[in-house]
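# Coordinates in review
Here is how the chains run, residue by residue.
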Amino acid sequence: GENVEQHPSTLSVQEGDSAVIKCTYSDSASNYFPWYKQELGKRPQLIIDIRSNVGEKKDQRIAVTLNKTAKHFSLHITETQPEDSAVYFCAASIPGGGADGLTFGKGTHLIIQP
Amino acid sequence: DTGVSQNPRHKITKRGQNVTFRCDPISEHNRLYWYRQTLGQGPEFLTYFQNEAQLEKSRLLSDRFSAERPKGSFSTLEIQRTEQGDSAMYLCASSLVETSGIEQFFGPGTRLTVL
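Fair warning: this is a prediction, and the values are worked out from it, not measured in the lab.

### Observations regarding the sheet that holds strand β8 (residues 72-77) of chain A
Residues and elements named next belong to chain A.
- Ordered in space as β1-β3-β8-β7-β6, the 5 strands form an open sheet in which the pairing is antiparallel. Lying at the two open borders of the sheet, with one neighbouring strand each, are β1 (4-7) and β6 (56-59). Neighbour-to-neighbour, the strand axes of the sheet open up by a mean angle of 15°, direction not taken into account.
- By the bridge criterion, 4 bridges tie β6 to strand β7 (residues 62-67) in an arrangement that is antiparallel. Paired with D59 across the strands is I62, a residue of β7.

### Notes on the interface of chain A and chain B
- At the junction of the two partners, chain A supplies 18 residues and chain B supplies 20 residues.
- In total, chain A and chain B occlude about 1,600 Å² of area from one another, counting both sides; carbon and sulfur atoms represent 51% of this.
- The interface formed by chain A and chain B holds 1 salt bridge in total.
- A salt bridge links D100 of chain A to R31 of chain B; the nearest nitrogen and oxygen atoms lie 2.4 Å apart.
- Our enumeration of links across chain A and chain B arrives at 10 residue pairs in polar contact (both at pLDDT 80 or more).
- Only β4 (32-38), β5 (45-51) and β10 (99-104) of chain A provide two or more residues apiece to the side of chain A that touches chain B.
- When residues of the side of chain A that touches chain B are assigned to their parent elements, the largest contribution, 5 residues, is made by β10 of chain A.
- Its residues placed into classes, the side of chain A that touches chain B shows 9 nonpolar, 4 polar and 5 charged.

### Considering the state of the cysteines
- If you walk through the whole model with that rule in mind, you get 2 disulfides over all chains.
- The side chain of C23 of chain A participates in a disulfide bridge whose partner is C90 of chain A; the two sulfur atoms lie 1.9 Å from each other. Because the sign of the S-S torsion sets the handedness, a value of about -100° for the bond joining C23 of chain A and C90 of chain A places this disulfide among the left-handed ones. Pair noted here: C23 of chain A is in strand β3 (residues 19-25) and C90 of chain A is in strand β9 (residues 86-94), with a separation of 67 residues, a long-range link.
- Of the residues examined, C23 of chain A reaches a relative accessible area of 1% and is grouped as buried.
- The side chain of C23 of chain B participates in a disulfide bridge whose partner is C92 of chain B; the two sulfur atoms lie 1.8 Å from each other. Sign of the S-S torsion, about -65° for the bond between C23 of chain B and C92 of chain B, identifies this disulfide as left-handed. Note that C23 of chain B is positioned in strand β3 (residues 19-24) and C92 of chain B in strand β9 (residues 88-95), a separation of 69 residues in sequence.
- A relative accessible area of 0% means that C23 of chain B is categorised as buried.

### Digging into the environment of E68 of chain B
- You can see E68 of chain B is positioned in strand β7 (residues 65-68).
- Through-space distance from the C-alpha of E68 of chain B to that of H29 of chain B is 16 Å; in sequence the pair is 39 residues apart.

### Comments concerning unusual backbone geometry
- For the bond from H7 of chain A to P8 of chain A, the omega torsion is -5°, close enough to zero to count as cis.
- Turning to its location among the elements, P8 of chain A is positioned in the loop between β1 and β2 (10-14).
- Phi at R81 of chain B is positive, roughly 50°, even though this residue is not glycine.
- Among the structural elements, R81 of chain B can be located in the loop between β8 (75-79) and β9.

### A short note on the side chain of S74 of chain A
Residue and element names in this part refer to chain A.
- On the secondary structure map, S74 appears in strand β8.
- Look at S74 and you get buried, because its relative accessible area is 7%.
- S74 has contacts with V20, I21, K22, W35, A63, V64 and T65, leaving out every residue within four places of it along the chain.

Each value, and the rule that gives it
Residues numbered from 1 in each chain as written. Chains lettered and ligands numbered in written order. Predicted model: local features only at pLDDT ≥ 70, side-chain atom pairs only at ≥ 80, totals over all residues. Heavy atoms only, no water. Pairing = 2+ DSSP bridges. Helix = DSSP H or I, 4+ residues; strand = E, 2+ residues; numbered from the N terminus. Axes fitted to C-alpha atoms, helices over the stretch in contact; angles between N-to-C directions. Contact = heavy atoms within 4.5 Å. Buried area = accessible area lost by both parts, 1.4 Å probe. Salt bridge = Lys/Arg side-chain N within 4 Å of Asp/Glu carboxyl O. Polar contact = N/O pair within 3.5 Å; in protein donor to acceptor, adjacent residues only side chain to side chain. Nonpolar A, V, L, I, M, F, W, Y, C, P; charged D, E, K, R; others polar. Disulfide = S-S within 2.5 Å. Buried < 20%, exposed > 50% of the residue type's maximum accessible area, 1.4 Å probe, protein only.

See below:
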């Protein structure tokens, strides 16, 4: 089955700086890669996703890049703000390919230092 | 509230008891997923339904776990003979496949504590 590795487990950045979180996946058939943000005691919230037919997607301060050959994808947050502090999870799946359930990474605790 | 809802939000039970959780998906979403999340970990996929059909089950779903979605709307997850290792947050998510929407939207979860 799919295995998703996520790094780092904790990331501390100064407010206004950029943050990058990286994930690798094992199943080359995976073609859908969402990122979720989870604040303490709350539900995971989808912040951005990418499908394997594109290499990059951007939404305001958030961007995701995908390298299918290397089987890794990354989340980039620019101009970080205190409200970006949370745990971020990457995930992978094969929608319609018998593996629609998401396989998640272990999460990255992002801390924005004022 | 038009989001995914789950009940109860918290459940404390004694080892060996049976528990049942309910999930109400976003209206008209045809797919419903169950996940389990333990402290400090990402959610782990358990099972999912398309309408009333259960299409995929993780090997994490032991025979003590059963899920149903009889009318293709809400779903229930039952755990029989609970064990302390079942203590976790049980999350439900839904999606609408017919649009481009394979995005899964999560509910607030049911936190289970087995004493």
